[in-house]
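Descriptive structure summary
Spelled out from the first residue to the last, the chains are:
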Amino acid sequence: MMQEDFLSKWGEAANTSAGFFWMALWAFALGYVISSCIQVFVTEKRMQQTMGKNESKGVLLGTFFGFISSSCSFAALASTKSLFKKGASFVSSIAFLLASTNLVIELGIIISIFLGWQFVVGEYLGGIILILISWLLIRLINPKKLIKKAKERLDSSDDDEDETSKSWKEKMKSETGWAKVSQQYGMEWKMVWKDVTVGFTIAGIVAAFVPDSFFQTLFINSGQGGNADFGFFTILEHIIVGPVAAFLTFIGSMGNIPLAALLFGKGVSFAGVMAFIFSDLVVFPILRINAKYYGWKMSFFILFLLFTSLVGGSLALHYSFDLLNMLPDPSSVKIQDTEYFKIDYTFWLNMVFLLISGYLIYLGFFKRKDVMFMKEMAPKSKVLENTLKYLAFACYLWLAGGLIVKYFVS
């Protein structure tokens, strides 16, 4: 009996994970096509020149450039470092970093699929609040010595990108430009495939195997179905535990969205789920990379900035939405027991973007192999990357076995 129960849950977990990815496939592809175009046609040097020296203008443009950039944390870290080194102010660089991980187009699309419009509004409004709180903290603390030392540390390295004089219009008209877009598109998938595989697999396992009582222990008073009934300290606990849960899964924000939807469905507060989504910049790998770029003191200062902003932003969102009677209902998130693989708009969108992806791969990796385009990435931990790679392979075995059990055995 126990064996049959396990096999049933295994099949359900694998089907849920595969279904989650099928739901999100077109959104990933659309987001990465847009992101790749922006990264090829708009260079970091041109961004920095546009941002200028004015602080308010720099924050505004840093936010905008972050919005149209890649959602990958490692790409965002490298671009932020490059902008700061080329002369952008520290606060506008932080605005770019926060925007490129919280305000990007593809993240909004994925959130809309799994969590609904309130969370999309929360994500974009919350991203702006995070930037404003960070800006305020930097103005109040005014860490001039830290900023000066960080800048000196960067100036001692020599890793400027190769800038071309061609305008974005000229690049868009050339096959070479689109070949570079194709290669960047391939790189975007290469950067996230492990995180997405492990994240979506974990979400399926959690949905099938983890009882509600676990979440009620981890997030106190969760599972009661009423966001407005949570007290202040309960919400604060959810906000603090959210980043801890994100740290334990060590998956990027794109891979964490299905798990965020599960948390909300299990009764975790809106603020706690938003904190969980916002947490991809307060985990140890990011702390280590910032230390490599700017030194440990600046790295911990950035961590303090981001975590304080995350707590303040999540609280502000929760009580603002509560005041406007906009808090979403956990029962509205229906991602379990869903028929994923049917002929509907998701199916046709996936077909369209699979064809687009196939053409881009052909153009960038077969037809125009003479073109080389490599966007700078933050230095990843080899141990973590190898761990994720082997976990991803194990996930594929788990998913294949579970799907066989569901559709051919049970």
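Residues numbered from 1 in each chain as written. Predicted model: local features only at pLDDT ≥ 70, side-chain atom pairs only at ≥ 80, totals over all residues. Heavy atoms only, no water.

Turning to the packing of helix 3 (residues 55-67) against helix 5 (residues 90-102), a few remarks are in order. Relative to each other, helix 3 and helix 5 sit at 25°, their axes nearing to 7 Å. Overall, the two elements helix 3 and helix 5 adopt an arrangement that is roughly parallel. Remark: the crossing between helix 3 and helix 5 carries right-handed chirality. Contacts from E55, G58, V59, G62, T63, F65, G66 and F67 of helix 3 reach helix 5 at V91, S92, A95, F96, A99 and S100. Within the contact of helix 3 with helix 5, the residues separate by chemical class into seven nonpolar, six polar and one charged. (Axes fitted to C-alpha atoms, helices over the stretch in contact; angles between N-to-C directions. Helix = DSSP H or I, 4+ residues; strand = E, 2+ residues; numbered from the N terminus. Parallel < 35°, antiparallel > 145°, perpendicular 65-115°, else oblique. Left-handed = near helix turned anticlockwise from the far one by under 90°. Contact = heavy atoms within 4.5 Å. Nonpolar A, V, L, I, M, F, W, Y, C, P; charged D, E, K, R; others polar.)

Counting residues in each nonpolar core, the largest one holds 103 residues, and the members touching the most others are F90, F114 and L115. No other element matches helix 1 (residues 2-41), which puts 14 residues into this core. With near-sequence residues (within four places) excluded, F90 lies in contact with F84, I138, I147, M298, F301, I302 and L305. One finds M47, L61, F65 and F96 within the second-largest nonpolar core, a separate group that totals eight residues. (Core = buried A, V, L, I, M, F, W, Y, C linked by side-chain atoms within 4.5 Å. Buried < 20%, exposed > 50% of the residue type's maximum accessible area, 1.4 Å probe, protein only.)

What follows deals with the pattern of salt bridges. The final tally for this structure, using the stated rule, is two salt bridges. Measuring nitrogen to oxygen at the nearest pair gives 3.8 Å for the salt bridge that ties K9 to D5. With K9 and D5 both in helix 1, this residue pair falls four residues apart, about one helical turn. The shortest N-O distance in the salt bridge between K406 and E12 comes to 3.4 Å. Placement of K406 in helix 18 (residues 382-409) and of E12 in helix 1 is noted, with a sequence separation of 394 residues between them. (Salt bridge = Lys/Arg side-chain N within 4 Å of Asp/Glu carboxyl O.)

Next up on the list: the packing of helix 4 (residues 73-85) against helix 5. Running from amino to carboxyl end, helix 4 crosses helix 5 at an angle of 160°, the nearest separation of the two axes being 9 Å. On the basis of their axis angle, the class for helix 4 and helix 5 is roughly antiparallel. Pair helix 4 / helix 5 crosses with right-handed handedness. Each of S73, A76, L77, S79, T80, L83 and F84 in helix 4 lies in contact with helix 5, whose residues at this interface are F90, S93, F96, L97, S100 and T101. Class assignment of the residues belonging to the contact of helix 4 with helix 5 gives a composition of seven nonpolar, six polar and no charged.

Take the packing of aromatic side chains next. Taken as a whole, this structure holds 24 aromatic pairs when the rule is applied. Here W296 and F300 contribute two aromatic rings whose centre-to-centre distance is 5.7 Å and whose plane-to-plane angle is 35°, an arrangement assigned as tilted. Here F300 and W296 lie together in helix 16 (residues 296-323), a separation of four residues that amounts to about one turn. Exposure remark for W296: the relative accessible area of 44% places this residue in the partly exposed category. With a centroid separation of 6.3 Å and 35° between ring planes, the pair formed by F301 and F304 is classed as tilted. Note that F301 and F304 are positioned in helix 16 at a spacing of three residues, about one turn of the helix. (Phe/Tyr/Trp six-rings, centres within 6.5 Å; stacked < 30°, edge-to-face > 60°.)

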